[in-house]
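Understanding the architecture of this molecule
So the chains spell out like this:
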Amino acid sequence: MDSVFHDLYEKYHQEIYQFIFYMTKNRETAEDLVQEVYIRVMKAYERFEGKSSEKTWMYSIARNVTIDHFRKQKGWKDKIFPNFDWDRQLLKDEEPIPEEVAIKNDEIQDIYQCLNRCTTNQRSVIILRYIQGLSITETAEVLNWSESKVKTTQHRALKAIKKLMEDLSGKEGHRIEEIPLERKRN
């Protein structure tokens, strides 16, 4: 089990941490929840049937751990949707992740603020698809949804973000040229 656990940790730790961080917006909470993910992985690995990939299985566990965390808190619904201020976060790693570098860009900050105003399901889909790079199929497996529900939720989320960005650009007096609505394919 040690070698299996080590392999899972090496392959997915950073991605799982980033996913939970984007959902909780708190480094310490994300670190605690990642530990809970690995505890659940160790307890459940023998029952893992391989019907999905290890990656999507771990994302499912991470999502459930995060939802459980919100449910345990008083007023958890209010805590899922707070306005997020990247400038107040103390996220200092030895090497910056690409998202940390991009967040310094004003337009990216605006997008993250708009993403924060989406529903939890919409935000989950956008994070999994565009930030974590999962396919529609993988996202559906993580969320335990149909692929069509992922596509519909993604479409609605992108539409909501685009509208919020247009509203934001109108209020700030600057025009955002283009918001990509399609994920770039390699």
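In the annotation of an unreviewed UniProt entry, the chain is listed under the name RNA polymerase sigma factor SigX and assigned to Peribacillus frigoritolerans. Quoted straight from UniProt, the Sequence similarities (unreviewed entry) entry for the chain says "Belongs to the sigma-70 factor family. ECF subfamily."

It is worth spelling out the packing of helix α1 (residues 2-24) against helix α7 (residues 120-131) at this point. Where α1 meets α7, the axes come as close as 11 Å, and the angle between the chain directions of the two elements is 145°. The handedness of the crossing between α1 and α7 is right-handed. Between α1, through Phe19, Tyr22 and Met23, and α7, the contact on the second element is made entirely by Thr120, Arg123, Ser124, Ile127, Leu128 and Ile131. Per-class residue counts for the contact of α1 with α7 are 6 nonpolar, 2 polar and 1 charged.

As a further point, take the state of the cysteines. Two cysteines, two sulfur atoms, one covalent bond between them: this is a disulfide. In total, this model carries 0 disulfides according to the counting rule given. Lacking any disulfide linkage, Cys118 is separated from the closest cysteine sulfur, that of Cys114, by 7.7 Å.

Turning our attention to the packing of aromatic side chains. Throughout the structure, instances matching the rule amount to 7 aromatic pairs. For the pair Phe19 and Tyr59, a centre-to-centre distance of 5.6 Å together with 85° between the ring planes defines the contact as edge-to-face. Separated by 40 residues along the polypeptide, Phe19 in helix α1 and Tyr59 in helix α3 (residues 54-72) bring together distant segments of the chain. By relative accessible area, Tyr59 is classed as buried at 0%. Between Tyr45 and Trp57 the ring centres are 5.9 Å apart and the planes differ by 65°, which places this aromatic pair in the edge-to-face class. On the criterion of sequence distance, the pair formed by Tyr45 in the loop between α2 (27-44) and α3 and Trp57 in helix α3 is long-range, its members being 12 residues apart. Put simply, the rings of Tyr17, Phe21 and Tyr22 pair up and form one aromatic cluster. Sitting above the plane of the Tyr130 ring, Arg129 keeps its charged end 5.8 Å from the centroid.

Cut-off values and rules
- Residues numbered from 1 in each chain as written.
- Predicted model: local features only at pLDDT ≥ 70, side-chain atom pairs only at ≥ 80, totals over all residues.
- Heavy atoms only, no water.
- UniProt positions renumbered as here; feature names shortened; annotations may be inferred.
- Axes fitted to C-alpha atoms, helices over the stretch in contact; angles between N-to-C directions.
- Helix = DSSP H or I, 4+ residues; strand = E, 2+ residues; numbered from the N terminus.
- Left-handed = near helix turned anticlockwise from the far one by under 90°.
- Contact = heavy atoms within 4.5 Å.
- Nonpolar A, V, L, I, M, F, W, Y, C, P; charged D, E, K, R; others polar.
- Disulfide = S-S within 2.5 Å.
- Phe/Tyr/Trp six-rings, centres within 6.5 Å; stacked < 30°, edge-to-face > 60°.
- Buried < 20%, exposed > 50% of the residue type's maximum accessible area, 1.4 Å probe, protein only.
- Lys NZ or Arg CZ within 6 Å of the ring centre and 35° of its normal.

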